[in-house]
Amino acid sequence: MNKKFMLKIISKIVMIEGFLMLLPALVGFYYNESDAYTFLVISFTVIAITFLISKIKLNDSKFYTKESLIIISVIWIIWSLIGALPFTLKGYIPNYVDAIFETVSGFTTTGSTILTNIEGLSKSMAFWRIFTHWIGGMGVLVFVLAVIPLTDGGSIYLLRAEVPGPSVGKLVPKAKKTAMILYGMYLALTLIEVVFLMFGKMNFYEALLHSFSTAGTGGFSTRNASIAAFNSPYIEYVISIFMFLFGINFNLYFYLLLFNFKSIFKNEELRYYFWAVVFALVTITINIKDSFSTLEEAFRAALFQVTSVVTTTGFVTVDYNSWPTYSKIIIILLIIMGACAGSTGGGLKVSRILILFKEIKLKIRQLIHPRAVNIVNAEGKKLNMDVRSGTMIYIILYCLICVISIVLVSFDNFDFETTVTAVLTTLGNVGPGLGQFVGPVGNFSEFSNFVKIVLSFDMLIGRLEILPVIFLFSPSIWKNMSKVKNNKK
């Protein structure tokens, strides 16, 4: 294992976070806030320390899957630990565990919060809180690959380990070019949303931050009442549309740039994603229509909440905790399913659900026709066994982690709905859940520090798709590293 190389890469990537903290510092100076100096001090300290570490001389700059999994897990943890410092140092979130929870929720684009007075944050602190969504949405390492050269070889392993979904390929031969294309499309969509929101009379600052939050499918807002505070049907429709768009696999936008419409329309995952949203929208609208003055209001409320939940964004305009049981069940199913692979959304992903059902269908066929040759196809191509078995293992691990987390969270002795959905919503990177405390109008502040740490790991596990975090805490890895060290001695 190339430990020196890993240390060098980690220091370079952490240095990027130091530079990113200059942005909220600039916002603070623009609004004449003292918080600007806090960001400035943390930024310079991080940059100085990581610059010194990055000067390590290397003999070998190659790395593979094993190193990339460790790098990714360590990076997300360090970024969260550093990113939490401004909140605690300035007293907005005095408890550092709470600050870590809030920051992990930001970078993983979960949107769960412990804050009870969001509007009490300074402009620069609110900017940093929501900016973490935008960076984490497409992926910390995808962002880094897009802006700095990390290595001559092996970058694709970082890309594969972080981009969500059953399998990841390059859009173009070079991993760096792929990262640049992804972030180029991501930035373009974000800026387009900013323009649309400003047409709805939202000021530039709030339009930018809510676009960051929508793009990252995160859900943090500048308002205590989230999007409901604006009381604007236009803004709700705009954000609903963009939430849906950011839940689509970004590879399809690349096809759009190439005018390859055939590949877009033939995409199986996109079709199922679209029809799942339509089904949920129509049935929930019918189910809740008696709770609203007009059918349009019911439709708009259903549209916003459905797109917010399925894309794991977490914005809210109404308290769906008070909706009929059917609607709440559909909400929970959407929380579990999530958006498309290769998007900024969380959850199990539509593609994995499709593969699961195809595997079930295959097993049934094999029982009926034991001698028949059966294969599993996706997008008109045969799925290899690595993807199929990887999907099954992922779903099993997801369920296992979910059960263990629910047991651990139950130690706080909250009601059943709160306990279960708190885990589902953090593991799926959604944000709000259901129940008395973690519903659309609640927050996670009442949980103990222990449970907040459990839920923080659930957020990381959900965003990094389980394996990198499990790999990092696997005893065999550290045992092997210890053996290598002893052998060198």
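Preceding this section is the structure that the text describes.
Residues numbered from 1 in each chain as written. Predicted model: local features only at pLDDT ≥ 70, side-chain atom pairs only at ≥ 80, totals over all residues. Heavy atoms only, no water.

J.: With reference to specific residues and values, describe the packing of helix α15 (residues 268–288) against helix α16 (residues 295–310).
T.: Running from N to C, α15 and α16 point in directions that differ by 140°, and their axes come no closer than 8 Å. As far as their axial angle goes, α16 and α15 are oblique. In this structure, α15 meets α16 at a crossing whose hand is right-handed. Contact residues: α15 offers Y273, V277, A280, L281, I284, T285 and I288, while α16 offers L295, A298, F299, A302, L303, V306, T307 and V310. The residue inventory of the contact of α15 with α16, partitioned by class, reads 13 nonpolar, two polar and no charged. (Axes fitted to C-alpha atoms, helices over the stretch in contact; angles between N-to-C directions. Helix = DSSP H or I, 4+ residues; strand = E, 2+ residues; numbered from the N terminus. Parallel < 35°, antiparallel > 145°, perpendicular 65-115°, else oblique. Left-handed = near helix turned anticlockwise from the far one by under 90°. Contact = heavy atoms within 4.5 Å. Nonpolar A, V, L, I, M, F, W, Y, C, P; charged D, E, K, R; others polar.)

J.: Residue-level account of a nonpolar patch on the surface, with values.
T.: Judged by side-chain polarity, I192, V195, F196, F199 and Y234 come together as a nonpolar surface patch covering roughly 490 Å² of accessible area. Along the polypeptide, I192 turns up in helix α10 (residues 175–199). Taking the relative accessible area as the measure of exposure, I192 reaches 41% and is therefore partly exposed. (Patch = residues over 30% accessible without salt bridge, like charges linked within 9 Å, V, L, I, M, F, W, Y side chains within 5 Å. Areas by Shrake-Rupley, 256 points an atom, 1.4 Å probe, with all protein chains shown as cover. Salt bridge = Lys/Arg side-chain N within 4 Å of Asp/Glu carboxyl O. Buried < 20%, exposed > 50% of the residue type's maximum accessible area, 1.4 Å probe, protein only.)

J.: Tell me about empty space enclosed by the protein, and name the residues and values.
T.: Applying the stated criterion across every chain, the model contains one cavity of 30 Å³ or more. The volume enclosed by the largest cavity comes to roughly 60 Å³. Together, 13 residues line the largest cavity, and T344, G345, G346, N429 and R463 are the ones closest to its centre. When grouped by side-chain class, the residues that make up the lining of the largest cavity number one nonpolar, nine polar and three charged. (1 Å grid on protein atoms, 1.4 Å probe; cavity = no way out; pocket = protein on both sides within 12 Å on 5 of 7 lines; lining within 4 Å. Points joined across faces, edges and corners; volume = space filled by probe spheres on them.)

J.: How would you sum up the packing of aromatic side chains? Please name residues and give values.
T.: Scanning the model with the defined rule gives 27 aromatic pairs in all. Pairing Y186 with F246 gives two aromatic rings, centres 6.1 Å apart and planes at 90°, and the pair type is edge-to-face. In this pair, Y186 is assigned in helix α10 and F246 in helix α12 (residues 233–246), connecting sequence segments 60 residues apart. Judged by relative accessible area, which is 0%, Y186 ranks as buried. Judged by centre distance (4.6 Å) and plane angle (55°), the rings of F414 and F437 are tilted. You can see F414 sitting in the loop between α19 (385–409) and α20 (416–427) and its partner F437 sitting in the loop between α20 and α21 (449–463), a full 23 residues away along the chain. These aromatic residues form a ring-pair network of at least three members: F127, F131, W134, Y186, F212, F246, F250 and Y253. The ring of Y31 is capped by K123, whose NZ or CZ atom sits 5.5 Å from the centre of that ring. (Phe/Tyr/Trp six-rings, centres within 6.5 Å; stacked < 30°, edge-to-face > 60°. Lys NZ or Arg CZ within 6 Å of the ring centre and 35° of its normal.)

J.: An account of the pattern of salt bridges is requested, with residue identities and associated values reported.
T.: All told, the structure shown has nine salt bridges when counted by the stated rule. Here D98 ties to K452 by a salt bridge, and the two come within 2.5 Å at their closest N and O atoms. Here the residue D98 occupies a position in helix α6 (residues 96–107), and K452 occupies one in helix α21, the gap between them amounting to 354 residues. Judged by its relative accessible area of 3%, K452 is buried. The shortest N-O distance in the salt bridge between E102 and R129 comes to 2.9 Å. Linking E102 in helix α6 with R129 in helix α7 (residues 123–138), this pair joins segments that are 27 residues apart in sequence.

J.: Run through unusual backbone geometry, naming residues and quoting values.
T.: Here F259, not a glycine, exhibits a phi torsion of approximately 60°, which is positive. Position of F259 relative to the elements: it lies in the loop between α13 (250–257) and α14 (261–265). Classification of F259 by relative accessible area gives exposed; the value is 65%. Located in the positive-phi region is N413, a residue other than glycine, with phi close to 60°. On the basis of relative accessibility, which here comes to 67%, the residue N413 falls in the exposed class.

J.: Now, about the nonpolar core: what can you tell me, with residues and values included?
T.: Nonpolar side chains tend toward joint burial in soluble globular proteins. Ranked by size, the top nonpolar core spans 133 residues in total, and within it W79, F250, Y273 and F447 carry the most contacts. Formed by six residues, the second largest nonpolar core is a distinct cluster that contains I355, V376, A378 and V387. (Core = buried A, V, L, I, M, F, W, Y, C linked by side-chain atoms within 4.5 Å.)

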